[in-house]
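Descriptive analysis of the structure
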Amino acid sequence: MFARLQPYLTTAILAFLIFYFAFHALTGDRGLLTSSQRNATLQVRQQELKRIRAERMDLEARARLLRDGSLSADLLEERARVLLGFGDPRDYVIRKKP
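Keep in mind it's a predicted model, so treat the numbers as computed, not measured.

**Thoughts on helix 3 (residues 73-84)**
With 12 residues, helix 3 extends 16 Å from end C-alpha to end C-alpha; this agrees with the ideal 16 Å at 1.5 Å per step. G85 lies just past helix 3 and shows a positive phi near 80 degrees.

Encoded structure:
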């Protein structure tokens, strides 16, 4: 019986391998059907990168204003009030939870 199926065995193995690789090419982690999910993840990450870059630019500008060469009195006063918890008696202070 095995001798009768032997010519078809190599064809069956090759067909199985083709099916296996085709299945994983479509549905695998980097398959063709998951490209929309990758694109959505890429869009989210690009937006996050844009937000982080804007935040970094803001922090760099604030740090530049706190250096000795270009000290901003307003920014210094703001940071001192935040860190020390002091305020002018004429100021209205609204506290919120972080």
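That was the structure; now back to the text.
**A look at the pattern of salt bridges**
A full pass over the atoms with the stated rule returns three salt bridges. Between E55 and R51 there is a salt bridge, and its shortest N-O distance comes to 3.5 Å. In this pair, E55 and R51 are both assigned in helix 2 (residues 35-65), four residues apart and thus about one turn of the helix distant. Residue R51 is classed as partly exposed on the basis of its relative accessible area of 48%. A salt bridge links E60 to R56; the nearest nitrogen and oxygen atoms lie 2.8 Å apart. With a gap of four residues between them, E60 and R56 both fall in helix 2, about one helical turn apart.

So, how was this worked out
Residues numbered from 1 in each chain as written. Predicted model: local features only at pLDDT ≥ 70, side-chain atom pairs only at ≥ 80, totals over all residues. Heavy atoms only, no water. Helix = DSSP H or I, 4+ residues; strand = E, 2+ residues; numbered from the N terminus. Expected span 1.5 Å × (residues − 1). Salt bridge = Lys/Arg side-chain N within 4 Å of Asp/Glu carboxyl O. Buried < 20%, exposed > 50% of the residue type's maximum accessible area, 1.4 Å probe, protein only.

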